[in-house]
Amino acid sequence: MSALRTDRPGSPVPARAVTRTGALGATTATTAPVTVRHARRARREPATRMAFFHGLTENAACWDRVLPLLPDDIDAWVFGLPWDGAHGHQWALERDAGVWIERALAMLPERPAAATVLVAHSFGANALLDHLDRHPLPDRLKLVLLAPFFRPGCAHFDWPLISYYLNDFHLFLAGGIAARRQDKPLDPELLTGMSEKVRDRIGAYGWLRFFELFSRTPLLDLAALRVPVLVAGGERDNASFPADCRALAAALPDARVEILAGCGHHLMLEAPERVAELIRELKDRRCAAA
């Protein structure tokens, strides 16, 4: 991993444009922004480097309820990724979402002796899993996967499942809007209208990138991911079902699963204290190679 540029402490650091062959075969400048914020500095050593990846239509602020609850040996970095809904669908013309994960990881500072914990939610968790499946694993790595999408076999991807995730896609997005407004619930009609607008900003290509990653999960070489992993899901999640979280954890060599009672898809917004506790427990687990 390359060293991080030294900008103002706490300020976002934009990625440089990179020219590469895009999803449609044309050479494009992948200028969609990836930003990083040094959200929390460790106050004691040895420090654990921790990086956070948000999901589709979320942004870096989705971790704000969790970060203050972390222990003081955490050096926390929060990424802003181009699938936040504010940048339209242009990012999705790049077929490989791992481009953005690779760019984000390259922005982390070097800490050769430190353990690294990567925390990712929803689409971000799937993009991270897909990236790690195709690249060497960093030393002393641990993963926290919140509400990832998973199915254990290709036969699960039939027409009813495609219809469910396509035609109800705006309803999944509505859950995120509602979770961010827990103190001020929205009128159901207004919530539906807002979620449809967000869906339209993501566009068909954004949905295709989501479902492409989801449909590739049976093909991941999970047996090779020999690092400590925590998989957490919500009891009431109707997008990443508890059974899918359990199946993913069962397929990993060193994973445990937690299903949070009363929670939907956005665990870090609905139960930040419990999520922080689970992250701390995972951080303290010993790596097999350590």
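Residues numbered from 1 in each chain as written. Predicted model: local features only at pLDDT ≥ 70, side-chain atom pairs only at ≥ 80, totals over all residues. Heavy atoms only, no water.

A. Spatial organisation of the sheet that holds strand E9 (residues 255-260). Strand order in this open sheet of seven strands is E3-E5-E4-E6-E7-E8-E9, and the pairing throughout is mixed. Because the sheet does not close on itself, it has two edges, and the strands there are strand E3 (35-40) and E9. Going across the sheet, the axis of each strand differs from the next one's by a mean of 20 degrees, ignoring polarity. In terms of strand pairing, strand E6 (residues 116-121) meets strand E7 (residues 141-146) through six bridges, oriented parallel. From the neighbouring strand, His121 faces E7, where its bridge partner is Leu146. The strands touched by helix H6 (residues 242-251) within the sheet are E7, strand E8 (229-234) and E9, with E9 carrying the most contacts at an inclination of about 165 degrees. (Pairing = 2+ DSSP bridges. Helix = DSSP H or I, 4+ residues; strand = E, 2+ residues; numbered from the N terminus. Axes fitted to C-alpha atoms, helices over the stretch in contact; angles between N-to-C directions. Contact = heavy atoms within 4.5 Å.)

B. Region of interest: the nonpolar core. One finds Phe53, Phe79, Trp83, Leu143 and Phe210 to be the most contacted residues of the largest nonpolar core, which totals 56 residues. Among the nonpolar cores identified, the runner-up in size contains 28 residues, and Val66, Val117, Val119 and Leu230 belong to it. (Core = buried A, V, L, I, M, F, W, Y, C linked by side-chain atoms within 4.5 Å. Buried < 20%, exposed > 50% of the residue type's maximum accessible area, 1.4 Å probe, protein only.)

C. Representation of empty space enclosed by the protein in the model. Applying the stated rule across the entire model yields two cavities of 30 Å³ or more. Quantified by volume, the largest cavity comes out at close to 150 Å³. Looking at the lining of the largest cavity, the element that brings in the most residues is helix H4 (residues 169-180), giving three residues. Classifying every residue of the lining of the largest cavity gives eight nonpolar, five polar and one charged. (1 Å grid on protein atoms, 1.4 Å probe; cavity = no way out; pocket = protein on both sides within 12 Å on 5 of 7 lines; lining within 4 Å. Points joined across faces, edges and corners; volume = space filled by probe spheres on them. Nonpolar A, V, L, I, M, F, W, Y, C, P; charged D, E, K, R; others polar.)

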